[in-house]
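# Coordinate inspection notes
So the chains spell out like this:
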Amino acid sequence: QVQLVESGGGLVQPGGSLSLSCAPHESESIFSVGAMAWYRQALEQQRALVAHITAVGTTNYADSVKGRFTITRDNGKNTMYVEMNSLNPEDTAVYYCNMVVRLQGYWGQGTQVTVSS
């Protein structure tokens, strides 16, 4: 079992920006991580893919966040980031990171992002 630690959620006004990060807990001994992704789950909705990045850096985004969100990764730190700009209330959700480690997917605990004035 691999524990992922997320950080960076919070409250932001519409039009604002927020960054999230995700990494294996410092106690994990991991040589490398495969694909990484951010998902989100709004109230009473299913969890949905937001952005995905392969081990070699190829990215893919949900249509709703294209041009506003940017996913990146630092392979040396096994850390993933997402920069979220031009946020609107529809982006309000719990954001979860997902990483493939040793061919198995693991989830972070989730971090709340609330966009409200």
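Everything in this summary refers to the structure shown in the same document.

Calculation notes
Residues numbered from 1 in each chain as written. Predicted model: local features only at pLDDT ≥ 70, side-chain atom pairs only at ≥ 80, totals over all residues. Heavy atoms only, no water. Helix = DSSP H or I, 4+ residues; strand = E, 2+ residues; numbered from the N terminus. Buried < 20%, exposed > 50% of the residue type's maximum accessible area, 1.4 Å probe, protein only. Lys, Arg positive; Asp, Glu negative; His and termini not counted. Salt bridge = Lys/Arg side-chain N within 4 Å of Asp/Glu carboxyl O. Contact = heavy atoms within 4.5 Å. Disulfide = S-S within 2.5 Å. Pairing = 2+ DSSP bridges.

## Structural notes on the side chain of E6
- Relative to the elements of secondary structure, E6 occurs in strand β1 (residues 4–7).
- The charged side chain of E6 is buried without a salt bridge, its nearest counter-charge being R47 at 7.6 Å.
- Beyond its immediate stretch of four places on either side in the chain, E6 contacts S21, C22, W38, Y95, Y96, C97, G108, Q109, G110 and T111.

## Let's talk about the pattern of salt bridges
- Per the counting criterion, the structure on display carries 3 salt bridges.
- Residue R40 pairs with D91 through a salt bridge whose shortest N-O separation is 2.9 Å. A residue pair is termed long-range when its members are at least 10 positions apart, and R40 in strand β4 (residues 36–41) and D91 in the loop between β8 (79–84) and β9 (93–101) qualify at 51 residues. Here R40 matches D91 in class, with each residue buried.

## Let's talk about the state of the cysteines
- Enumeration according to the criterion identifies 1 disulfide in this entry.
- One disulfide bridge connects C22 with C97, the sulfur atoms lying 2.0 Å from each other. Classification of the bridge connecting C22 and C97 rests on its S-S torsion, roughly 50 degrees, and on that basis the disulfide is right-handed. Placement of the pair is C22 in strand β3 (residues 18–24) and C97 in strand β9, with a sequence separation of 75 residues. C97 shares its class with C22; the two are buried.

## A word on the pairing of β3
- Of all 7 residues that make up β3, 6 are buried, and the element is covered over most of its length.
- Taken together, the 4 bridges between β1 and β3 define a ladder with antiparallel strand orientation. Bridged to S7 within β3 is S21.
- In terms of strand pairing, β3 meets β8 through 5 bridges, oriented antiparallel. Note on β8: the bridge partner recorded for L18 is M84.

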